[in-house]
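Residue-level listing of the chains:
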Amino acid sequence: MSQTDWPLYEVFIRSRNGLSHKHAGSLHATDAKMALENARDVYTRRAEGTSIWVVPSAAITASDPADKEAFFEPTADKIYRHPTFYEVPDEVENM
Amino acid sequence: MYTQSLNENAAGDGPSGEDPKALERFQARIDRDEKIEPNDWMPAAYRKTLVRQISQHAHSEVIGMQPEGNWLSRSPTLKRKAVVMAKIQDEAGHGLYLYSAAETLGVARSELYDQLLSGQAKYSSIFNYPSLNWADVGAIGWLVDGAAIMNQIPLCRCSYGPYARAMIRICKEESFHQRQGYELISTMANGNSAQKQMAQDALNRWWWPALMMFGPSDKDSAHSGLSMKWKIKRFTNDELRQKFIDATVPQADYIGLKMPDVDLKWNEAEGHYDYGEIDWDEFKRVLNGNGPCNVQRMKVRTEAQENGAWVREAAAAHAEKQRRRTLAAAE
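What this report covers is the structure whose coordinates are included nearby. (Residues numbered from 1 in each chain as written. Chains lettered and ligands numbered in written order. Predicted model: local features only at pLDDT ≥ 70, side-chain atom pairs only at ≥ 80, totals over all residues. Heavy atoms only, no water.)

**Digging into the overall build of chain A**
- Broken down by element type, chain A carries 2 helices and 3 strands.
- Traced from its N-terminal end to its C-terminal end, chain A shows the element sequence β-β-α-β-α.
- The C-alpha atoms of chain A give 21 Å as radius of gyration, which overshoots the globular expectation for 95 residues (12 Å, by more than 25%).
- The buried share of chain A, reckoned over its 95 residues, is 20%.
- When contacts within chain A are restricted to residue pairs at least 6 apart in sequence, long-range pairs at least 24 apart make up 44% of them.
- Averaged over its 10 positive side-chain charges, chain A has a centre that lies 11 Å from the centre of its 15 negative ones. (Helix = DSSP H or I, 4+ residues; strand = E, 2+ residues; numbered from the N terminus. Rg over C-alpha atoms; globule rule 2.2 N^0.38 Å. Buried < 20%, exposed > 50% of the residue type's maximum accessible area, 1.4 Å probe, protein only. Contact = heavy atoms within 4.5 Å. Lys, Arg positive; Asp, Glu negative; His and termini not counted. Charge placed at Lys NZ, Arg CZ, Asp CG, Glu CD.)

This is the structure:
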C-alpha cells in the first residue's frame, strides 16, 4: 500500500445500548486497528458511540440503484403482507 | 461561505451531451425533494460542482485550524485551552467528514489533497486573515463560525445525501464553536478598558471579512442558477448575509460593542439592518492569493504534510509487516 493509497473503511456506530449500528461515514486507515481508533476520534468526540464497526469498503456489496425498480419489484405488490389488508370486526379485541 | 467562489463556473458546466430523458428524471427527483445518493445517476456537472464545493469546504475546515492553533499554547487559562483544543479538533473532524462525502462522488482523497497543496483548489477567504491576539479567538468563534452556521443550516437540506448528512453532524458541533467565541469576547468586553478596547478592535478587523464569507453580492453572482435549481444552494448570498447581520448586531449591542460600519442602521419599514458597501476589491484580492496570510497558510499546511510523512510511511510499513506475519502464520 502506498502512502497515498490507504484502504477505505466504512464506519458504523451503535450510539446507545439497544440500538443497532448506523452508518456514520468513512475514513482511510492502514489497517483495522487504526481504522477503529480513527473512527472513535473522528465520529465520537462527544460520546456518540458505545460500539464501533469498521468494514473495508471493498467488502461491501450494494444493490445497484439503476436496477432499483426491477430488484424490489416483487416486494411492492404483496399487500397481503400488511396487517391492514385484513378486516377485524370492532367487537374483536387484542388483534 | 466556505464555498463562496464556487458558483462562478457552474453555469459554464451546464448539461450537455447527456440523455435528456435522464436529465428530466433527475430534475424531477430534485423537485420532489428526493436525496441523490452516491451511485445514483447524476449529470456530470452536478457531480463536478459538488466535488468542488464539498472539497473546498473540507479544505476550509483544515486551513481553519490555523488561526486558532496560533493561540492554543498561549491561552490565558486551562479551561480556555481545553476549549480551543476541542474546537480545533472539531475542525479537523469536520474536514474529514467532508473529504469522506466528496469521495463518495468518485474522487480520491489524495487527489483532493494535491489540489489544495498545489494551490489549484481554493478555501474560504476568511482564513487568510491573521489572528493577532487573544480577542481574535473570540471574534473568530462568534463571527466566523456564526456566519458558517448561517450557511450550513440550509445545507443540511441540500439534495446530495452524504453532504446533507455531513452538514447535520457538523451543525450539531458548530454551535459550541460560536458560543465559546461569544462568551470569550463578552468576558473581554465586560473587563477593564484595555480588554474592552481589544474586543472592539477584534470586531473592527473581523466584521467585514465575515460579511465577505457569504460571497459576492447577488447582482454579481449570475451563476448560482444551476446550484439553486439542483437544490445544492437554497438561499442567495445576500439573503444569508442579511440574516447574519440581523442576528449579530443585537449580540454586539448586548455587550456594548459596535460594528465598524457608519451606515449600519435599523430599517423599520423593511425589518432589517441597512449596511454599508463591502469592499469587493479586497475580497477579490484575498480570494486570488493576495491576502495577509495566504502564503503562510499554505506553507504551514505543506510543512504539516511533509513533516508527517514519516508517520504515514511507518504506519503503512507496520501494517504490511503485520499482514505478512499473519499470512506466514497461516501457512
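**A few points about helix H12 (residues 294–307) of chain B**
Residues and elements named next belong to chain B.
- Between its terminal C-alpha atoms H12 stretches 20 Å, which fits the 20 Å expected from 14 residues at 1.5 Å a residue.
- For H12, the complete set of buried residues consists of Asn294, Arg297, Met298, Arg301 and Gln305. Viewed end-on, H12 has its buried residues packed into an arc of 90°, placing them on one side of the element. Looking at H12, the residues exposed on the side facing more than 90 degrees away from the buried face are Val295, Lys299, Glu306 and Asn307.
- Where H12 is buried, its residues meet helix H2 (44–63), helix H3 (65–72), helix H5 (109–117), helix H11 (280–290) and helix H13 (309–330). (Expected span 1.5 Å × (residues − 1). Arc of directions from axis to C-beta.)

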